[in-house]
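Here are the chains, one letter per residue:
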Amino acid sequence: MANHANNRPRLIVGNWKMNGSLAANAALLDALAQAPAAGCARVVCPPFPYLAQAATLLAGSEVALGAQNCGHAAAGAYTGEVAAPMLAELGCRYVIVGHSERRAMFGDDDARVAAKTALAFEHGLTPILCVGETLAQYEAGQATAVIDGQLDAVLGTLDAGRIDRLVIAYEPIWAIGTGRSASAEQVDAALERIAAAVARHAASARPQLLYGGSVTAATAQWLAPLARVDGVLVGGASLQAEAFLAIEQAFAAAGQTARG
Ligand code: PEP
């Protein structure tokens, strides 16, 4: 099956959420920076206050820096917010937008996620757009409608070139931080539907499609060979270098066999 992302390296993204300390970060970042490249793109997204520390410790390494969120405006009277150009200035290459925790707890509705996505692109960042349904929506057979709605709100504001450079993470909310991963069939079907939604907006675009939700070294063993999975967004397991690197290793190994 064709690689959905035009042979770009598969992406292993760590979302640290609101975790870390200067000392713990230093140990984790050193381990990630020193681990030999495995043929995947390795990305870490620490909390805002630690981005400068991470940029310093990752300088010269293969590990890319990302942020977990950005403001919906480029500057101004938005107390507590952090703007996309600030992230770019600090050395970020990626920014997560529309994470379900932001949508559920911080009022990030579709319009705001679209604004953040546009700002990310304008300031040279690659947005990692998260979409996904709740367990109730899944059980009610509404997953496709929910995800299509989340995608249409953003994709409808982007040209084909930006859609092609977007990263889209399918993160079923019922699988995030629960230890209950979606199955291979569920992941494959969801990513197929996401690719179809993308095609309705830009037929030639091939954004990278990630899966996120309780990814571990064990689940990576069966996720990695799935041809539609261009990488993973990892929460809990990204806080330990060994676990995070084991996930990357699984993808690197599958890439060398299944994808050539
Ligand atoms: C996430 O925060 O995006 C996530 C997928 O978390 P976890 O891996 O802990 O489920």
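Reading the values: rules and limits
- Residues numbered from 1 in each chain as written.
- Predicted model: local features only at pLDDT ≥ 70, side-chain atom pairs only at ≥ 80, totals over all residues.
- Heavy atoms only, no water.
- Near = heavy atom within 4 Å.
- Polar contact = N/O pair within 3.5 Å; in protein donor to acceptor, adjacent residues only side chain to side chain.
- Areas by Shrake-Rupley, 256 points an atom, 1.4 Å probe, with all protein chains shown as cover.
- Nonpolar A, V, L, I, M, F, W, Y, C, P; charged D, E, K, R; others polar.
- Core = buried A, V, L, I, M, F, W, Y, C linked by side-chain atoms within 4.5 Å.
- Buried < 20%, exposed > 50% of the residue type's maximum accessible area, 1.4 Å probe, protein only.
- Helix = DSSP H or I, 4+ residues; strand = E, 2+ residues; numbered from the N terminus.
- Contact = heavy atoms within 4.5 Å.
- Pairing = 2+ DSSP bridges.
- Axes fitted to C-alpha atoms, helices over the stretch in contact; angles between N-to-C directions.
- 1 Å grid on protein atoms, 1.4 Å probe; cavity = no way out; pocket = protein on both sides within 12 Å on 5 of 7 lines; lining within 4 Å.
- Points joined across faces, edges and corners; volume = space filled by probe spheres on them.
- Expected span 1.5 Å × (residues − 1).
- Left-handed = near helix turned anticlockwise from the far one by under 90°.
- Salt bridge = Lys/Arg side-chain N within 4 Å of Asp/Glu carboxyl O.

Focus on the site of the ligand
In step 1: The immediate surroundings of the ligand are formed by 14 residues, with Lys-17, Glu-171, Gly-177, Ser-214 and Gly-235 found nearest.
In step 2: At 2.6 Å from an oxygen atom of the ligand is found a main-chain nitrogen or oxygen belonging to Gly-177.
In step 3: Summarising the interface, the protein chains cover 95% of the accessible area of the ligand, which totals 290 Å² for the free molecule.
In step 4: Counted by class, the shell around the ligand contains four nonpolar, eight polar and two charged residues.

Section: the nonpolar core
In step 1: Val-44, Leu-87, Leu-151, Ile-194, Ile-247 and Phe-251 are the most contacted members of the largest nonpolar core, which has 69 residues in total.
In step 2: By residue number, the principal contributor to this core is helix α11 (residues 241-257), which donates eight residues.
In step 3: Here Ile-194 is in contact with Val-131, Ile-147, Leu-151, Ile-168, Tyr-170 and Leu-209, once residues within four sequence places are set aside.
In step 4: Counting residues in hydrophobic clusters, the runner-up holds 13 residues, among them Tyr-94, Ile-128, Leu-210 and Leu-233.

Describing the sheet that holds strand β2 (residues 41-45)
In step 1: Around the barrel, eight strands lie side by side as β1-β2-β3-β4-β5-β6-β7-β8; this closed barrel has parallel pairing. Recorded for the sheet is a direction-independent mean angle of 25° between the axes of neighbouring strands.
In step 2: As paired strands, strand β4 (residues 94-97) and strand β5 (residues 126-131) are joined by four bridges and run parallel to one another. Bridging from a neighbouring strand, Val-95 pairs with Pro-127 of β5.

Some thoughts on empty space enclosed by the protein
In step 1: The full count for this structure, using the stated rule, is one cavity of 30 Å³ or more.
In step 2: For the largest cavity, the full set of lining residues is Gly-98, His-99, Ser-100, Arg-103, Cys-130, Val-131, Gly-132, Gln-150, Glu-171 and Ile-173.
In step 3: Residue assignment for the lining of the largest cavity shows that the elements contributing at least two residues are α4 (100-105) and β5.

Description of helix α5 (residues 110-122)
In step 1: Under the 1.5 Å per step criterion, the end-to-end length of α5 is 18 Å for 13 residues, consistent within 8% with the ideal 18 Å.
In step 2: Those residues of α5 that fall on the buried side of the exposure criterion are Val-113, Ala-114, Lys-116, Thr-117, Ala-118, Leu-119, Ala-120 and Phe-121.
In step 3: Of the surrounding elements, those touching the buried residues of α5 are α3 (84-89), β4, α4, β5, α7 (143-155) and α8 (160-165).
In step 4: Positioned one or two residues after α5, Gly-124 has a phi angle of 80°, which is positive.

Describing the environment of Arg-103
In step 1: Positionally, Arg-103 belongs in helix α4.
In step 2: Note on Arg-103: relative accessible area 18%, which makes it buried.
In step 3: Put simply, Arg-103 and Val-113 are ten residues apart on the chain and 8.7 Å apart in space, counted from C-alpha to C-alpha.
In step 4: For Arg-103, the residues in contact, after removing those within four places along its chain, are Gly-98, Asp-108, Asp-110, Val-113, Leu-129, Cys-130, Val-131 and Gln-150.
In step 5: Of note is the side chain of Arg-103, whose polar atom sits 2.9 Å from the backbone oxygen of Cys-130.

Quick word on the packing of helix α1 (residues 22-34) against helix α2 (residues 51-58)
In step 1: Closest axis-to-axis distance for the α1/α2 pair is 10 Å, and the angle between their directions is 35°. Helix-helix and strand crossings are classified by hand; for α1 and α2 the assignment is right-handed. Each of Leu-22, Asn-25, Ala-26, Leu-29, Asp-30 and Ala-33 in α1 lies in contact with α2, whose residues at this interface are Gln-53, Ala-54, Leu-57 and Leu-58.
In step 2: For the contact of α1 with α2, the per-class residue count stands at seven nonpolar, two polar and one charged.

Quick notes on the pattern of salt bridges
Oppositely charged side chains may form a pair once their charged atoms are brought near each other.
In step 1: Counted according to the given criterion, the structure contains nine salt bridges.
In step 2: When the shortest N-O distance is used, the salt bridge between Asp-110 and Arg-103 registers 2.9 Å.
In step 3: Salt-bridge contacts for Asp-108 lead to Lys-116; the nearest nitrogen and oxygen are separated by 2.9 Å. Just as Asp-108 is buried, Lys-116 falls in that class too.
In step 4: Salt bridges here are not isolated pairs; linked through shared partners, they connect Arg-102, Asp-108 and Lys-116.

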